Amino acid sequence: MAELLLELFSEEIPSRMQARAAEDLKRLVTEGLRAQGLAVGEAHSFATPRRLALAIEDVPAQSPAVSEEKKGPRVGAPEQAVQGFLKSAGLASLDQAEIVKDEKKGDYYVARIEKSGRAAADITAEVVAGVLTKFPWPKSMRWGAGTFQWIRPLKSIVCLIDGEVVPLEIAGLKASNTTRGHRFHGNDLFEVSSFEEYADKLAGHAVMLNAAERIEEINEQAEALAAKAKLELIDDEALLAENAGLTEWPIVMMGEFDKSFLDVPPECLTTSMKNHQKCFSLRDPKTKKLANKFILVSNLTATDGGAQIVAGNEKVIRARLSDAKFFWEHDLKRPLDEMAIALEKITFHEKLGTQKERVERIKELAFQIAGAVDADPQDARRAAELSKADLVSDMVGEFPELQGLMGRYYAEHAGAKPEIARAIELHYKPKGPTDSVPKEDEGDAVAIAVALADKLDTLVGFWAINEKPTGSGDPYQLRRAALGVIRIVIENDLRLGLDEATGKAEVQYKNQGRIAEPPRDPKMTDEDYLSAIWRSRRSLIEFFADRLKVYLKDKGARHDLIDAVFSLDGQDDLALIVKRVEALSDFLKTDDGANLLAGVKRASNILSIEEKKDKRSYAGSYDLKLLTEKEELALAAAIESVKQDTVAAINVENFKGAMNALAELRAPVDAFFDKVTVNAADAALRENRLKLLSEIRAATLTVADFSKIAGEAGK
């Protein structure tokens, strides 16, 4: 079979868009070809600053012939309906149609249309033109007098099938078999006939087509230069990928800057060099201190060995680092408390107040929950008071990604307690699923208190103004905030009740007059109104439950077990929920657990059927005098014992012990169902046995709601 080669040659494509564009091109073209009947093989896409390329293997010569049956009107239908059918089916007269006999609905016409296969080149031209016209660039532009849009002006198109040019024309450009290489080192036209030849000739014209190879080349050259200077390259995968997207023939060089700039925090220097010049930083491999040298990546091989390029970059770096030094020195002249006052001029959210108001809420909440994390309440309050102050600093204004870190530096410079300074930096953590959380055993209790207060304030506030995440968006990153709370609590094994903690956060908003209780319908009773308030608060707890499911599912836990535990009253202590879920999971893997689950479900099903039939509930105490069978007596005794033992174990957080106690029900439950008829002829006896079944359900509810647990399929 043939091979399809497509290249779209243009002005420079932004680095950040290249990888996605290459994947979109591969997906859209292959899907389009297959939709038109071409069962193409494996596809490979590539991107450089000046081109998107696609190679598809095993392209058939043409699409298969198809036979299509089109149903028409009934025999004897009005002429207008007949003519419409003939036109849509492409028939000249009814003589070309068939009549299908139908005794029930009446005979009707059918057109059998045979369509021969289409040439792969024709299909490709049509599909590629359609893809390019509607290509999903985040941004695009027009040029000249045409209406076609692309990320940058399109210069030429290569489109070949088995070496033959596909008859494709778009934006005034006809596909050909010629392209160009590197802008400076290989800009002459050359012909290609296959992907192998295309890749080889590009390499001969100073273009490395594969982005992964360019990344590897940059890394190898940079590490070699660093090693030669007895330094160590500071890893930055994102910067590697960005430089690979800026070059077709990467050449790595080393420059240096004045040592006086090293008085500025190293993160400020590395961020400045990365953001402004896309340069890598270097450090001493022994001390890990930043060196006054940097790595730059050029897109050409200079005749002077790169001296002029290095000098130019050093000049720009000098100016940029001078700015950073100025920001640093100017910020040090302003105490953090002074910066914190300026937060009143920054709006957090129109309905939730300024950043200053937010800090007031966070510091009081951090003070109140500090005890739960063994943090000094006054230190937690002070750290929270300064936590957002650096948002008004010059350095964070230039580099927002340094927020928190700069606050720590400014606090340390002012002589703040180490715990307070670290809390200012760490309270933003975790910033994502792979980021670490502040740890109590590493001395970060104050940071934990501030981090929790910060995230709880965000969640409660946006929940109160109904700015909740939707399936399509989460502009305030509330899912991340909830997951941050979950991870901090669980990974530090903290005892923190969500109901109480969110309630305290809500009080801070109410004290500022930012949120109020929901409006009350005059017709509502006190009980109904309190119930409405509870439901409003409960929805946030349920949001935490959903996030907890995601968190635990990634760790292999079953979501139904989380439901089984979370549905119990008072379950808002995340760490205890996780421990209970883990113990329940282990228990259900045993024979006792699996069989008890089956027994409890059987009891629940019987109760559900009988309660529906009798239109009443059988919850409540059974009559010991009516227990006539030894299996009934044994089950009743086991239930009472299990209730006491499970509660005692749970009260001391011994969830494994609670499960072991629950296992004692397995044998009596099995024996009861084997020997006792629940729906006895005697009405009193039947009622008593149904109440005994309800007690099985009640006994297990001290541990989990077994009705929420799936059977074998859920394991």
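If you're wondering where the values come from, they're calculated on a predicted model, not measured in any experiment. (Residues numbered from 1 in each chain as written. Predicted model: local features only at pLDDT ≥ 70, side-chain atom pairs only at ≥ 80, totals over all residues. Heavy atoms only, no water.)

## Let's talk about the pattern of salt bridges
Link 1 in the chain: The final tally for this structure, using the stated rule, is 56 salt bridges.
Link 2 in the chain: In this structure, the salt-bridge partner of Glu 338 is Arg 334, at a minimum N-O distance of 3.8 Å.
Link 3 in the chain: Of the charged contacts, one joins Asp 435 and Lys 429 as a salt bridge, the two residues approaching to 2.8 Å between their closest N and O atoms.
Link 4 in the chain: Here the residues in one salt-bridge network are Asp 337, Lys 356, Glu 360, Lys 363, Arg 382 and Glu 385, joined through shared partners. (Salt bridge = Lys/Arg side-chain N within 4 Å of Asp/Glu carboxyl O.)

## Focus on the packing of helix H10 (residues 355-369) against helix H17 (residues 498-511)
Link 1 in the chain: Contact pair H10 / H17: the axes reach a minimum separation of 9 Å and the direction vectors enclose 145 degrees. Read as a crossing pair, H10 and H17 show a hand that is right-handed. Touching Arg 361, Glu 364, Leu 365 and Gln 368 of H10 are Ala 501, Lys 504, Ala 505, Gln 508 and Tyr 509, all from H17.
Link 2 in the chain: Taken together, the residues of the contact of H10 with H17 break down into four nonpolar, two polar and three charged. (Axes fitted to C-alpha atoms, helices over the stretch in contact; angles between N-to-C directions. Helix = DSSP H or I, 4+ residues; strand = E, 2+ residues; numbered from the N terminus. Left-handed = near helix turned anticlockwise from the far one by under 90°. Contact = heavy atoms within 4.5 Å. Nonpolar A, V, L, I, M, F, W, Y, C, P; charged D, E, K, R; others polar.)

## Quick look at the sheet that holds strand E15 (residues 280-283)
Link 1 in the chain: Strands sit in the order E13-E15-E16-E14 across an open sheet of four strands; the sheet is antiparallel. A strand with exactly one partner marks an edge of an open sheet, and here the two such strands are strand E13 (232-233) and strand E14 (251-256).
Link 2 in the chain: For E15 and strand E16 (residues 290-298), the ladder comprises three bridges, and the chain directions are antiparallel. Looking across to E16, one finds that Phe 280 is bridged to Ile 295.
Link 3 in the chain: The strands that helix H7 (residues 266-277) touches are E15 and E16; relative to E16, the one it contacts most, it runs at about 10 degrees. (Pairing = 2+ DSSP bridges.)

## Description of the pairing of E15
Link 1 in the chain: Here E13 pairs with E15 via two bridges, running antiparallel. When the bridges of E15 are listed, Glu 232 appears paired with Arg 283.
Link 2 in the chain: Following E15, the chain reverses through six residues before pairing antiparallel with E16; Lys 288 in that reversal takes a positive phi of roughly 65 degrees.

## Notes on a negative patch on the surface
Link 1 in the chain: Residues Glu 213, Glu 216, Glu 220, Glu 223, Asp 235 and Glu 237 make up a contiguous surface patch of negative charge.
Link 2 in the chain: Among the elements that make up the negative patch, the one with the highest residue count is helix H5 (residues 211-228) (four residues).
Link 3 in the chain: The topology assignment puts Glu 237 in helix H6 (residues 237-244).
Link 4 in the chain: Look at Glu 237 and you get exposed, because its relative accessible area is 70%. (Patch = residues over 30% accessible without salt bridge, like charges linked within 9 Å, V, L, I, M, F, W, Y side chains within 5 Å. Areas by Shrake-Rupley, 256 points an atom, 1.4 Å probe, with all protein chains shown as cover. Lys, Arg positive; Asp, Glu negative; His and termini not counted. Charge placed at Lys NZ, Arg CZ, Asp CG, Glu CD. Buried < 20%, exposed > 50% of the residue type's maximum accessible area, 1.4 Å probe, protein only.)

## Some words on the packing of H5 against H6
Helix packing geometry: the angle between the two helix axes and the distance between the axes.
Link 1 in the chain: In the contact formed by H5 and H6, the axes pass within 9 Å of each other and the chain directions differ by 115 degrees. Of the two elements, H5 crosses H6, and the hand of that crossing is right-handed. Of the residues in H6, those in contact with Ala 211, Arg 214, Ile 215, Ile 218 and Asn 219 of H5 are Leu 240, Ala 241, Asn 243 and Ala 244.
Link 2 in the chain: Grouping the amino acids of the contact of H5 with H6 by side-chain chemistry returns six nonpolar, two polar and one charged.

## Quick word on the side chain of Ser 45
Link 1 in the chain: Position of Ser 45 among the secondary structure elements: in strand E2 (residues 43-48).
Link 2 in the chain: Exposure remark for Ser 45: the relative accessible area of 15% places this residue in the buried category.
Link 3 in the chain: There is a polar contact of 3.0 Å between the side chain of Ser 45 and the backbone oxygen of Ala 22.
Link 4 in the chain: The contact partners of Ser 45, leaving out residues within four places of it in the chain, are Ala 22, Glu 23, Lys 26, Ala 53 and Leu 54. (Polar contact = N/O pair within 3.5 Å; in protein donor to acceptor, adjacent residues only side chain to side chain.)

## A few points about the nonpolar core
Link 1 in the chain: Met 395, Leu 452, Leu 548, Leu 584, Leu 665 and Leu 693 are the most contacted members of the largest nonpolar core, which has 140 residues in total.
Link 2 in the chain: The greatest single-element share of this core, amounting to 14 residues, is contributed by helix H15 (residues 445-464).
Link 3 in the chain: Excluding residues within four positions of it along the chain, Leu 548 makes contact with Ile 486, Ile 490, Ile 562, Phe 566, Leu 574, Ile 577 and Val 578.
Link 4 in the chain: Within the second largest apolar cluster, 41 residues are counted, among which are Leu 4, Met 17, Phe 148 and Ile 170. (Core = buried A, V, L, I, M, F, W, Y, C linked by side-chain atoms within 4.5 Å.)

## Some points on the state of the cysteines
Link 1 in the chain: Applying the stated criterion to the full structure yields zero disulfides.
Link 2 in the chain: No disulfide involves Cys 279; its sulfur sits 17 Å from that of Cys 268, the nearest cysteine.
Link 3 in the chain: You can call Cys 279 buried: its relative accessible area is 1%. (Disulfide = S-S within 2.5 Å.)

## Brief notes about the packing of aromatic side chains
Link 1 in the chain: This model, assessed by the stated rule, comprises 15 aromatic pairs.
Link 2 in the chain: The interplanar angle of 20 degrees and the centroid separation of 5.3 Å between the aromatic rings of Phe 46 and Phe 195 together place this pair among those described as stacked. Taken as a pair, Phe 46 in strand E2 and Phe 195 in helix H4 (residues 195-204) lie far apart in primary sequence, 149 residues in all.
Link 3 in the chain: Phe 46 gets classed as buried once you look at its relative accessible area, which sits at 14%.
Link 4 in the chain: An aromatic cluster is present here, built from Phe 135, Trp 137, Trp 143, Phe 148 and Trp 150 joined pairwise through their rings.
Link 5 in the chain: Looking at Arg 381, its charged tip hangs above the ring of Phe 367, at a distance of 3.9 Å from the centre.
Link 6 in the chain: Cation over ring: Arg 408 sits above Tyr 409, and NZ or CZ is 4.7 Å from the ring centre. (Phe/Tyr/Trp six-rings, centres within 6.5 Å; stacked < 30°, edge-to-face > 60°. Lys NZ or Arg CZ within 6 Å of the ring centre and 35° of its normal.)

## Let's talk about the side chain of Asp 454
Link 1 in the chain: Tracing the backbone through its elements, the reader meets Asp 454 in helix H15.
Link 2 in the chain: Overall, the relative accessible area of 6% leaves Asp 454 in the buried class.
Link 3 in the chain: Beyond its immediate chain neighbours, meaning those up to four positions away, Asp 454 contacts Arg 358, Ile 362, Lys 388 and His 427.

## Some words on helix H19 (residues 559-566)
Link 1 in the chain: Taken across its eight residues, H19 has six buried, putting it largely inside the fold.
Link 2 in the chain: Three or more residues of H19 are buried, namely Asp 560, Leu 561, Ile 562, Ala 564, Val 565 and Phe 566.

## Some thoughts on unusual backbone geometry
Link 1 in the chain: Residue Lys 429 is joined to Pro 430 through a cis peptide bond whose omega torsion reads -5 degrees.
Link 2 in the chain: Summarising the element assignment, Pro 430 is placed in the loop between helix H14 (418-426) and H15.
Link 3 in the chain: Look at Asp 493: it is not a glycine, yet its phi comes out positive at around 50 degrees.
Link 4 in the chain: Judged by its relative accessible area of 38%, Asp 493 is partly exposed.
Link 5 in the chain: Here the phi dihedral of Glu 653 falls at roughly 60 degrees; this positive angle occurs in a residue that is not glycine.
Link 6 in the chain: Residue placement: Glu 653 occurs in the loop between helix H22 (630-651) and helix H23 (655-663).
Link 7 in the chain: Glu 653 sits in the partly exposed class, given a relative accessible area of 34%.

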